[in-house]
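A closer look at the structure
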Amino acid sequence: MPKEAELTEVPPLNIRGFKVYKGFLNRASQEQLVAESRALATEAPFFQPTTPSGKPMSVKMTSAGRLGWVTDRTGYRYQTAHPRGQSWPEIPNVILNIWSAVASPDRLPDSCLMNFYGADARMGLHQDKDEGDFEWPVVSVSLGDDALFRMGNPTRGGKTESIWLTSGDVVVMGGDARLSYHGIDRIRFQSSSLLPKGGRINLTLRVVDQTS
Ligand code: MD6
Ligand code: FE
């Protein structure tokens, strides 16, 4: 298990259930995850999602696991097939091991969403609420360029606080933070040498189906 770092408490973000493990993955583990991500993208190519209103998102997206998250004119949802029709690849064990270490080995995630951020990509404030079960956290892994992560509240509006996520950081949003609004304002393009051409990969792990 690539656990190299202790939990770093992030003092300004004193929200129960929100945890940032700074530097959870060392360089070798990050490189391994990049290789796994490339293999996933070969099987399940990145596509450009559009919001239900028809606006293209600035990130490119694909998934692994039994269920993948998609968005188009029809709406936001999880489905068993890539937009091109094939089933999603399995979630690699190295990614599941991160979940087991920071969430729980008792219930593995159904879905791993992979987002790619180029120079000008961002992610507006959103809640992750298309899952059928909010008892489990959402776990995210940052690879590549630095990203300014903004954390809000369980309802829209109000005060937000921001932190820079860097390559190898792992974020856990559970408990009171599970349905909090959050997003990425911008990345610092080519701030990391992990991806030679620059950019950022974010992997988010989710339990979608209710545990019976
Ligand atoms: C990102 N992250 O880091 C976007 N969601 O690119 C998320 O949307 C996110 O980091 C749920 C839990 C943790 C996250
Ligand atoms: Fe999210």
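Since the model is a prediction, treat every value here as computed from it, not as a measurement. (Residues numbered from 1 in each chain as written. Chains lettered and ligands numbered in written order. Predicted model: local features only at pLDDT ≥ 70, side-chain atom pairs only at ≥ 80, totals over all residues. Heavy atoms only, no water.)

Let's shift gears to the packing of helix α1 (residues 27–43) against helix α2 (residues 93–102). Between α1 and α2, whose axes approach to 9 Å, the crossing angle comes to 125 degrees. Between α1 and α2, the angle falls in the class oblique. On α2, the residues that touch Gln32, Leu33 and Glu36 of α1 are Val94, Ile95 and Ile98. Partitioning the contact of α1 with α2 into residue classes produces four nonpolar, one polar and one charged. (Axes fitted to C-alpha atoms, helices over the stretch in contact; angles between N-to-C directions. Helix = DSSP H or I, 4+ residues; strand = E, 2+ residues; numbered from the N terminus. Parallel < 35°, antiparallel > 145°, perpendicular 65-115°, else oblique. Contact = heavy atoms within 4.5 Å. Nonpolar A, V, L, I, M, F, W, Y, C, P; charged D, E, K, R; others polar.)

Moving on: the coordination of the iron ion (ligand 2). Distances from the iron ion (ligand 2) to its protein donors, His126 (NE2), Asp128 (OD) and His182 (NE2), fall at 2.1 to 2.2 Å. In the primary sequence, the donor residues of the iron ion (ligand 2) line up as H-x1-D-x53-H. The buried category is assigned to aspartate 128, whose relative accessible area is 10%. (Donors = N, O, S within 2.8 Å, 3.2 Å for Na, K, Ca; no water. Buried < 20%, exposed > 50% of the residue type's maximum accessible area, 1.4 Å probe, protein only.)

It is worth spelling out the sheet that holds strand β6 (residues 123–126) at this point. Strand order in this open sheet of four strands is β6-β11-β8-β9, and the pairing throughout is antiparallel. The open sheet has two edge strands with one neighbour each: β6 and β9 (161–165). Between one strand axis and the next, the sheet turns by 25 degrees as a mean value, whatever way the strands run. Alignment of strand β8 (residues 146–151) against β9, held across five bridges, turns out to be antiparallel. Bridge pairing links leucine 148 to tryptophan 164 in β9. (Pairing = 2+ DSSP bridges.)

Within the protein chain, residue pLDDT values average 93, and 93% of them lie at 70 or more. In the predicted structure, residues 1–6 sits below a pLDDT of 50 and forms 17 contacts with residues beyond four places in sequence or in another chain. (pLDDT = per-residue confidence, 0-100.)

Moving on: the sheet that holds strand β5 (residues 111–117). In a beta sheet, neighbouring strands are held together by backbone hydrogen bonds and run either parallel or antiparallel to one another. Read from one edge of the open sheet, six strands run β1-β10-β7-β12-β5-β2, paired in antiparallel fashion. With one partner strand each, in any of the chains shown, β1 (18–21) and β2 (60–65) form the two edges of the open sheet. Recorded for the sheet is a direction-independent mean angle of 15 degrees between the axes of neighbouring strands. Both β5 and strand β12 (residues 200–206) contribute to a ladder of seven bridges, which runs antiparallel. Bridge pairing in β12 links serine 111 to arginine 206. On the sheet, α1 packs against β2, β5, β7 (138–144) and β12 and is oriented at approximately 100 degrees with respect to β7.

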